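So you can see what is in the structure, the chains are spelled out below.
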Amino acid sequence: MIEAGKIGKEAIANKGWLMAHRYLILRRISQLGILAIFLSGPLFGLWIAKGNLASSLTLNVLPLTDPYVMLQGMLSGVMPQTAALIGVAIVVLFYFVVGGRVYCSWVCPVNMVTDLAAWLRRRLGLRASSQLSRNARYWMLGLTLVLPLVSAAGIVWELVNPVSVMFRGIVFGIGAGWLLIAGVFLFDLLVAKDGWCGHLCPVGAFYNLLGSKSLVKVNAVRRSACDDCMECYAICPEPQVIKPALKGEKKHLSPVILSSDCTNCGRCIDICGKHVFSYGGRGAVEVKLSGSNKDIQGGVKV
Amino acid sequence: MSESEKKNELNRRQFLGNLLRTACGVGLVGMGLGLYAQRAASLPAQVIRPPGALPEEDFLGACIRCGLCVRDCPYDILSLGAIGEQVPTGTPYFIARTGPCEMCEDIPCIKACPTNALDHSLTDIEASRMGLAVVVDQESCIAFQGLRCEVCFNICPIRGRAISLDLQHNARSGKHALFIPVVHSEACTGCGLCERACILEEAAIKVFPTHLAKGELGKHYRLGWREKARKGEALVSPDAEHHYNLPEGVQYDLQGKGLILEGEAVEKPVTKSPLDTLNNSFLDKP
């Protein structure tokens, strides 16, 4: 384990602060921006998007519907309207291209809460973490899909889903929902590292499956430049996805991070002082680096 | 057992142990969620769903909690339940006393619904049944005290049909009428305008979910006069003639003369003395 204070130092020194936080900043802009376009209507009367992440109508033309909640609805026996089906199709197609868990790292507001918990964990040096299985989220997913079939309360998961409680709460009024969000924060901080997003959240699990063959991926095409500083493992919310791509050269594994657990958050790209990682297609191939030009970035010697 | 076999055995144990742990944990979560859902799904009486809402059990399976109905309500009466409130999280509702449904003719909330949780086949707002208004408190409703009010009757968008005024005798004053509001379930949509308009501190007319507001006659029960009217004749044939148990020489005509004494003399003219009238029946008797 490396010291929290050290993480990112090299990247900042090599690339500058802004480039070492580029995707983090872009993700926050994306997450807050999505909230903003839903809030501008109720707050300032400027209607861009109506509804919330479950289903929305943007500029009165673009319908978007969350396939996960719609699936739960259909399991309890409802047939959606055409607009909702179009909305589902657009969302499914989008995440199939960019990666399912892009929802988690670029859209979901809970990500800001759990990222904060993870950051605080590193800062405070909290190592203790209970041994949850990362597969528990698929069990949770199964559970949330079975409940509408057996319960009279229909879409049961939506009664407590922290993702929708937080987003809907911010846009429509949250009531005591902050307690739930605080619970997720404390759980991630004190009980299990990346406990919610990385182990339990069925929404993430659904989008994980949705994007299991997605086209946009993070890769380690310059993996031969890796100097084993381990910072990417320390910062990654799903660190198990890195190793096959980063260290798989001898086993002739692809440099692309193929695991659909990867949220495409791009923190590894930011944090790496050696420019090992980048976004690319599913079929990206390794860039061979000779010994002398390992420090070359984009053709410019530094 | 060789080393590798031992290791495999350990791995298998570990694997099964982990699997069981996860399954049990998630099972517990499921049980908790199921029990919570059961409790959370019961609506308080003053919480009314938007027009066209499916029966509650179906509604909870169909509503994806997107809030598009809330946004498209021009009167902004709808809210979404939040955690800590007694309404299932994220589902739309209104409270009649503070913000009743204004019964838009084009029903924009239904049009906004992406899942048919608000039934798109409902196109006539007067056919919607959000609940049923009930005059819950005759003791405080001032119409029952003989005072003129009729605010609920006048505000009703289906005036005269959903709420009518029943004119009754005012026994207290002996000479005035009571203008009693009466709700008719075949026309009332449960919009709640009457409840908001009620002039009392606490409304005497309230909208309740229909299942709370309505009674139901036993299925076997028949009202004789209605059955008779429907058939056009008596159901028992021949129509039984009623026999009065009267002394000999006396008949009774219910809807005519009343008591008829056979052989009764022509009525005597009224005499001037009241005593004669009072003694009338005795004087003739032998």
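Model, not experiment: these values are computed from the prediction. (Residues numbered from 1 in each chain as written. Chains lettered and ligands numbered in written order. Predicted model: local features only at pLDDT ≥ 70, side-chain atom pairs only at ≥ 80, totals over all residues.)

Remarks on the interface of chain A and chain B
Of the residues lining the interface, 48 residues belong to chain A; the matching set on chain B comes to 38 residues. The element that contributes the greatest number of residues to the side of chain A that touches chain B is helix H8 (residues 136-150) of chain A, accounting for six residues. Broken down by class, the residue content of the side of chain A that touches chain B amounts to 26 nonpolar, 19 polar and three charged. (Contact = placed C-beta atoms within 7 Å. Helix = DSSP H or I, 4+ residues; strand = E, 2+ residues; numbered from the N terminus. Nonpolar A, V, L, I, M, F, W, Y, C, P; charged D, E, K, R; others polar.)

Considering helix H5 (residues 82-98) of chain A
All names here are of chain A. The end-to-end C-alpha distance of H5 is 25 Å, a good match for the 24 Å that 17 residues give at a rise of 1.5 Å each. Buried within H5 are the following residues: Ala84, Gly87, Val88, Val91 and Tyr95. For H5, the buried positions fall inside an angular range of 100° around the axis, keeping them on one side. Pointing more than 90 degrees away from the buried face of H5 are the exposed residues Thr82, Leu93 and Val97. The inward-facing, buried residues of H5 contact strand S2 (55-58), strand S3 (62-65), helix H4 (67-75), helix H6 (102-107) and helix H12 (202-210). (Expected span 1.5 Å × (residues − 1). Buried ≥ 20, exposed ≤ 12 C-beta atoms within 10 Å, placed from the backbone. Arc of directions from axis to C-beta.)

Concerning H8(A)
The terminal C-alpha atoms of H8(A) lie 21 Å apart, and with 15 residues this matches the ideal 21 Å at 1.5 Å per residue to within 8%. When H8(A) is considered as a whole, its buried residues turn out to be Ala136(A), Arg137(A), Trp139(A), Met140(A), Leu141(A), Thr144(A), Leu147(A) and Pro148(A).

Remarks on the environment of Asn208(A)
Residues and elements named next belong to chain A. Along the chain, the position of Asn208 falls in helix H12. Accessibility expressed as a C-beta count within 10 Å gives 25 for Asn208, which makes it buried. C-alpha separation for the pair Asn208 and Asp261, spaced 53 residues apart in sequence, amounts to 6.1 Å. Among residues more than four places away in sequence, those in contact with Asn208 are Gly100, Arg101, Ser260 and Asp261.

Some remarks on the sheet that holds strand S1 (residues 47-48) of chain B
Residue and element names in this part refer to chain B. The strand order across the open sheet built from three strands is S1-S3-S2, with neighbouring strands paired in antiparallel fashion. In this open sheet, the two edge strands, each paired with only one partner strand, are S1 and strand S2 (79-80). For S2 and strand S3 (residues 92-95), the ladder comprises two bridges, and the chain directions are antiparallel. Residue Ser79 lies in a different strand from S3, and its bridge partner there is Tyr93. (Pairing = 2+ DSSP bridges.)

Describing the environment of Ala84(A)
Examined against the element boundaries, Ala84(A) turns out to sit in helix H5. Assessed through the 27 C-beta atoms surrounding it within 10 Å, Ala84(A) is described here as buried. Each C-alpha atom, one on Ala84(A) and one on Gly16(A), is 44 Å from the other, the two residues being 68 residues apart in sequence. The contacts of Ala84(A), once residues within four sequence positions are left out, are Ser55(A), Pro63(A), Thr65(A), Met70(A), Pro114(B) and Thr115(B).

A few points about the sheet that holds strand S1 (residues 49-52) of chain A
Residue and element names in this part refer to chain A. One open sheet accounts for three strands, arranged S1-S2-S3; its pairing is antiparallel. Two strands bound the open sheet, and with one partner strand each, they are S1 and S3. With strand direction ignored, the average angle separating the axes of adjacent strands in the sheet is 10°. Pairing geometry for S2 and S3, over four bridges, is antiparallel. Pairing of Ser56 across the sheet is with Leu64, part of S3. Where H5 meets the sheet, it contacts S2 and S3, and its direction lies at approximately 75° from that of S3. (Axes fitted to C-alpha atoms, helices over the stretch in contact; angles between N-to-C directions.)

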